[in-house]
Amino acid sequence: MAQGVCVIAEFRNGAFRRVSFEVASEGKRLADALGEPLTAIALGQGIAAAAADLGEYGVEKVYAVDQPVLKDYLAETYAPVVAEVLRTLQPKVVLSPASVDGKDLSARVAARLGAGLAQDCTALQIEAGALKAKRPVYGGKALAWYEWADGTWPQMASCRPNVMACVMPDSSKQAAVETPAVTLPAALKTRVVAVEAADGKVDLAEAQVIISGGRGLKAPENFALLEELALLLGGAVGASRAAVDAGWRPHAEQVGQTGKVVTPSLYMACGISGAIQHLAGMGSSKFIVAVNKDPEAPIFSKADYGVVDDLFQFVPAFIEEVKKLKAAC
Ligand SMILES: Cc1cc2nc3c(=O)[nH]c(=O)nc-3n(C[C@H](O)[C@H](O)[C@H](O)COP(=O)(O)OP(=O)(O)OC[C@H]3O[C@@H](n4cnc5c(N)ncnc54)[C@H](O)[C@@H]3O)c2cc1C
């Protein structure tokens, strides 16, 4: 009989991504509610040494597949391996990060297992021994609750990054690590040739602070202001589609319905009107600050703090204040 919660951890560039700890923390909460164990599956290269650390977040046992061919995420290699381990493990509930790779992987694994999957969830709970999941729908205009039909296995959900609370790691706890015997695909149709990382930049999807700019920035060189502020606050720069379409910023920075969905602790929108398609990407941020010279701009309806001002006056003054505060600390 299916038992327990299993989380799929994401390991990149020699370390687990933060969202893996959020998913493990959420998994622990659900496992406790079920009174059943929490396990994890981790794939990658050089993973064996780090795997036990997932125990700090409540994972009892990690099934670690450490292979050179798994160094970079590739659906072709990851999906069959994860599905095979899950078939052996038979967990009741499977959680994964709703990152770009995580959504791709969980959809493919669900298809292989014939499982039901709720993607990009913002809340999960156990009711009468079964999973219930909440996720935004219609570009964030409504919230829907999902449950799984009786007898479907496993109940799969992916968790939106930066939403689920991450527990304080308990360094006295380590997970047991097991290496399952798996069959890697013999002949691959594709392979990762190179991964070009944006050096030194905070990943938008994982950023706790995002300073975003729109058409109100007027020219690409003016984004230097936002970059300076983002650097001071340890954050990343985001952009509206208008700024991306104008060629001012790369598409990787676009926030919104056709860009990235982000949930930082602080989202600062500068010179962005707040079109519904932009709000769909940042509306779940914990604190939203809007800087816009038009007091009627729709972004103010979503903002926790609104600054009605010319951003070219406000942002430099704000940067000076942040510098003073940092110097005083
Ligand atoms: C199918 C579809 C998908 C889309 N997907 C996305 C998406 O993923 N992301 C996205 O962002 N958009 C998306 N859009 C586009 C969206 O509808 C808006 O056109 C876009 O978000 C507008 O960008 P903006 O706010 O930068 O520009 P604008 O709407 O032109 O707003 C600029 C703002 O800057 C303010 N401003 C100007 N000068 C200053 C100044 N000096 N100081 C302070 N404020 C100033 C203005 O008052 C104004 O509010 C999509 C549209 C469609 C149809």
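1. A look at the overall build of the protein chain
Point 1. Helix and strand counts for the protein chain stand at nine helices and 17 strands.
Point 2. Its C-alpha atoms give the protein chain a radius of gyration of 21 Å, near enough to 20 Å, the size a compact globule of 329 residues would have.
Point 3. Seen through its principal axes, the protein chain has C-alpha atoms that stretch 60 × 45 × 40 Å.
Point 4. By the burial criterion, 50% of the 329 residues in the protein chain qualify as buried.
Point 5. Expressed as a percentage of contacts within the protein chain between residues at least 6 apart in sequence, the contacts between residues at least 24 apart total 64%.

2. A short note on the site of the ligand
Point 1. Neighbouring the ligand are 26 residues; Arg215, Ser240, Thr258, Ser273 and Asn292 lie closest to it.
Point 2. At 2.9 Å, a backbone N or O of arginine 241 approaches an oxygen atom of the ligand.
Point 3. Contact with the protein chains removes 77% of the 990 Å² of surface that the ligand exposes when unbound.
Point 4. When contributions to the shell around the ligand are tallied by element, the ones reaching two or more residues are helix H6 (241-245), helix H7 (276-282) and helix H9 (311-328).

3. Thoughts on the packing of aromatic side chains
Point 1. For the coordinates displayed, the defined rule picks out five aromatic pairs.
Point 2. Ring centres 5.1 Å apart and planes at 70° place the aromatic pair phenylalanine 11 and phenylalanine 16 in the edge-to-face group.
Point 3. For phenylalanine 11, a relative accessible area of 3% corresponds to the buried category.
Point 4. Geometrically, the ring pair formed by tyrosine 73 and tyrosine 78 is edge-to-face, given 5.0 Å between the ring centres and 70° between the ring planes. Judged on exposure class, the residue tyrosine 73 and its partner tyrosine 78 are both buried.

4. Regarding the nonpolar core
Point 1. Phe16, Val62, Leu95 and Leu124 are the most contacted members of the largest nonpolar core, which totals 36 residues.
Point 2. Element by element, the count of residues in this core is highest for helix H1 (residues 18-34), at seven residues.
Point 3. Ignoring any residue separated from it by four or fewer positions in sequence, one finds leucine 95 in contact with Val5, Cys6, Val7, Ile8, Val23, Glu26, Gly27, Leu30, Leu124, Ala157 and Cys159.

5. Brief notes about the domain arrangement of the protein chain
Point 1. Along its sequence, the protein chain is carved into domain 1 (5-178) and domain 2 (209-328).
Point 2. Inter-centroid distance (C-alpha atoms) of domain 1 to domain 2 is 31 Å.
Point 3. Taken residue by residue, the interface counts six residues in domain 1 and seven residues in domain 2.
Point 4. Taken together, the two surfaces of domain 1 and domain 2 that pack against each other cover about 590 Å², and 52% of this comes from carbon and sulfur.
Point 5. In terms of surface lost to domain 2, no three residues of domain 1 exceed Gly139, Arg160 and Asn162, which account for 63% of the buried area on that side.
Point 6. Run the count over domain 1 and domain 2 and you get three residue pairs in polar contact (both at pLDDT 80 or more).

Basis of the calculations
Each chain carries its own residue numbering, running from 1 in the direction its sequence is written. Reporting in this predicted model follows two pLDDT cut-offs: at least 70 for local features of residues, and 80 or more for side-chain atom pairs to be given and counted; totals over whole chains, interfaces and linings ignore these cut-offs and use all residues. Only hydrogens and water are set aside; all other atoms, that is, all heavy atoms of the structure, feed into the side-chain values. Numbering of helices and strands starts at the N terminus; helices are DSSP runs of H or I of at least 4 residues and strands are runs of E of at least 2. Between the two quantities, the radius of gyration covers C-alpha atoms and the globule rule is 2.2 Å times the number of residues to the power 0.38. Between buried and exposed lies partly exposed: a residue is buried under 20% and exposed over 50% of the maximum accessible area for its type, with that area taken using a 1.4 Å probe on protein chains only. Contacts: residue pairs with any heavy atoms within 4.5 Å of one another. If a single non-hydrogen atom of a residue is within 4 Å of a molecule or strand, that residue counts as near it. Here a polar contact is recorded for every N or O atom pair within 3.5 Å, except that within protein the pair must consist of a potential hydrogen donor and a potential acceptor, and residues adjacent in sequence are included only if both atoms are side-chain atoms. Reported accessibility uses the Shrake-Rupley method at a 1.4 Å probe radius. Residues are deemed covered only where the shown protein chains occlude them. We call Phe, Tyr and Trp rings a pair once their centres come within 6.5 Å, taking the six-membered ring for Trp, and we label the pair stacked below 30 degrees between planes, edge-to-face above 60, and tilted otherwise. The set of buried Ala, Val, Leu, Ile, Met, Phe, Trp, Tyr and Cys residues whose side-chain atoms join them within 4.5 Å is what this entry labels a nonpolar core. Note that the domain bounds were set by an automatic or database domain assignment. In this description, buried area is defined as the sum, over both parts, of the accessible area (probe of 1.4 Å) that is lost when the two are combined.

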